[in-house]
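Residue-level structure breakdown
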Amino acid sequence: MEILLLYFLFINIIVFILAGYDKYLARKNKRRIPENILFFLEAVGGTIGLLLAMLLFRHKTSKTSFIVKFSGIFLIQIVLVYLKLTNKI
């Protein structure tokens, strides 16, 4: 259990830093971090880190397609956690 918590802490810190760095790159008009990387990191457990980065840095909050994809991944995660907790998977 401790290893799982450390994993989630680590992945959320990584995605938070990457999203903040991507915002920095956006302001400097430099090559950006692909959205697919941010979505992958969200899907493997970095949802909280990405959400905090979006709110704190105001990053990708006006891009509708990003919000829709973020929300979709988040909803899938909620369903999977529910199914796991109710022993349906």
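Below you will find a few notes about this structure.

Turning our eyes to something else, we now look at the pattern of salt bridges. This model, assessed by the stated rule, comprises three salt bridges. Here D22 and R32 are joined by a salt bridge, their closest N and O atoms 3.0 Å apart. Taken as a pair, D22 in helix 1 (residues 2–27) and R32 in the loop between helix 1 and helix 2 (35–57) lie far apart in primary sequence, ten residues in all. Taking the shortest distance from any N to any O, the salt bridge between E35 and K60 comes out at 3.0 Å. Here K60 lies in the loop between helix 2 and helix 3 (64–85) and E35 lies in helix 2, a separation of 25 residues in the sequence. Here the residues in one salt-bridge network are E35, K60 and K63, joined through shared partners.

Conventions we followed
Residues numbered from 1 in each chain as written. Predicted model: local features only at pLDDT ≥ 70, side-chain atom pairs only at ≥ 80, totals over all residues. Heavy atoms only, no water. Salt bridge = Lys/Arg side-chain N within 4 Å of Asp/Glu carboxyl O. Helix = DSSP H or I, 4+ residues; strand = E, 2+ residues; numbered from the N terminus.

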